[in-house]
Amino acid sequence: MKKIEKMRNDTRLLTVLGPTASGKTRLAVGLARELNGAIISADSRQVYRGMDIGTGKDLGEYGEIPRFLIDIWDPGEVFHVAAFGEEFLIALNQIRRQGKRPVLCGGTGLYIQAALQGLPFAAVPVDLQLRNSLETLNTEDLLAEFHKYPSEYSPLADTSTRKRLIRAIEISRYLMEHGSTSALRDLNEGASGIPGTALSRSPVIGIRLSVEERRARITRRLIQRLDAGLVDEVRGLLNQGVSSEQLLFYGLEYKFAALHLQGELDEKQFFTRLNSAIHQFAKRQMTFFRKLEKDGFRIHWIDGTMPFSDQVAAALSLVD
């Protein structure tokens, strides 16, 4: 009891991460209840209003627990890791001023890394005109374009997906055009920045599932989202003026639902391709988390198939 009371008065950051459909939100909320906490979402899509089903906001899970970085931007606006850094710091400071414990929760590895470690290239601005031109290129041509702009950033760039490869080209071109060293200094001097060393030592709880369990959960959840009206949600976004091109950047559910609504995929193709793509995405998430561990982050993994009360107890035992 004394340990719990001490932890309830602690305002250090606690992080909960895991692949999609692993139960991150439920665990984070359970911990927040025990620790007098508030949730900061580390999800690249839950920031958008009206995008509830496809992003898995699970708003009913929170109850009385305060939540931040959810429903703060309108669809169609561009939210990226630099914007996340700014919003994260605002939320972190607000939660601490309230005397609560901040609980960072999500599966967007780059956002979690930015919060805990800091990313010196995160402030490079988005270039929508460049992105639109790059979308016409195949992956091989994108890689060739990326290699045209060598810099100290090159060996650090994540080029594992088209979306990340396009962002890597965007950063590389900006650094070459503005002078790599001076560009980074100018970008970061006026910004608050994302704290690094202090947060990198904060506890990180990861939810681990077997591949078979993870795949079963993903498929089951996709069926639930379709039954809940995922396609109607995407239809509504299109009717609001969000373009199908913009939806491509808002995640797999929105991309494939838009293609289905445009008649490019029939119902069976839509489900099969989306289900497969989410499985591949979850695999990439786990690869990113393993990379964080190789880079020195200590992730305390717990079994996501345990009864929920046991998961909370196991996580609390790892929080100092």
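Located above this text is the structure these notes cover.
Reading guide: rules and limits
Residues numbered from 1 in each chain as written. Predicted model: local features only at pLDDT ≥ 70, side-chain atom pairs only at ≥ 80, totals over all residues. Heavy atoms only, no water. Core = buried A, V, L, I, M, F, W, Y, C linked by side-chain atoms within 4.5 Å. Buried < 20%, exposed > 50% of the residue type's maximum accessible area, 1.4 Å probe, protein only. Helix = DSSP H or I, 4+ residues; strand = E, 2+ residues; numbered from the N terminus. Contact = heavy atoms within 4.5 Å. Phe/Tyr/Trp six-rings, centres within 6.5 Å; stacked < 30°, edge-to-face > 60°. Pairing = 2+ DSSP bridges.

A. Quick look at the nonpolar core. In this structure, Ile40, Phe79, Phe84, Phe88, Leu104, Leu247 and Phe289 are the most contacted members of the largest nonpolar core, which totals 55 residues. When contributions to this core are tallied by element, the ones reaching two or more residues are strand S2 (37–41), helix H3 (81–97), helix H4 (109–116), helix H10 (211–228), helix H11 (230–239), helix H13 (252–261) and helix H14 (267–294). Excluding anything up to four places from it in sequence, Phe289 contacts Leu17, Gly18, Pro19, Gly107, Gly109, Ile112, Ile299 and Trp301.

B. Main features of the packing of aromatic side chains. Following the criterion strictly, the structure yields six aromatic pairs and no others. Each ring, one from Tyr48 and one from Tyr250, has its centre 4.6 Å from the other, and the planes form 50 degrees; the classification is tilted. Here the residue Tyr48 occupies a position in the loop between S2 and strand S3 (67–68), and Tyr250 occupies one in the loop between helix H12 (244–247) and H13, the gap between them amounting to 202 residues. Assessed through its relative accessible area of 2%, Tyr48 is described here as buried. Ring geometry for Phe289 and Trp301: centres 6.5 Å apart, planes at 55 degrees, overall tilted. Placement of the pair is Phe289 in helix H14 and Trp301 in strand S6 (residues 300–303), with a sequence separation of twelve residues.

C. Region of interest: the pairing of strand S4 (residues 101–106). For S4, the buried fraction is high: six of the six residues fall into the buried class. By the alternation rule, side chains of S4 split into Arg101, Val103 and Cys105 and Pro102, Leu104 and Gly106, which are all buried. Alignment of strand S1 (residues 14–17) against S4, held across four bridges, turns out to be parallel. Looking at the pairing, Val16 lines up with Cys105 of S4. Judged from the five bridges that link them, S2 and S4 form a sheet pairing that is parallel.

D. Region of interest: unusual backbone geometry. Phi angles above zero are rare outside glycine, and Asn36 is one such case at about 55 degrees. Inspection of the secondary structure assignment puts Asn36 in the loop between helix H2 (24–35) and S2. By relative accessible area, Asn36 is classed as partly exposed at 22%. With a phi close to 65 degrees, Leu69 is a non-glycine residue in the positive phi region. Relative to the elements of secondary structure, Leu69 occurs in the loop between S3 and H3. Here Leu69 falls in the buried class, since its relative accessible area comes to 4%.

Read these as spatial facts, not as claims about activity.
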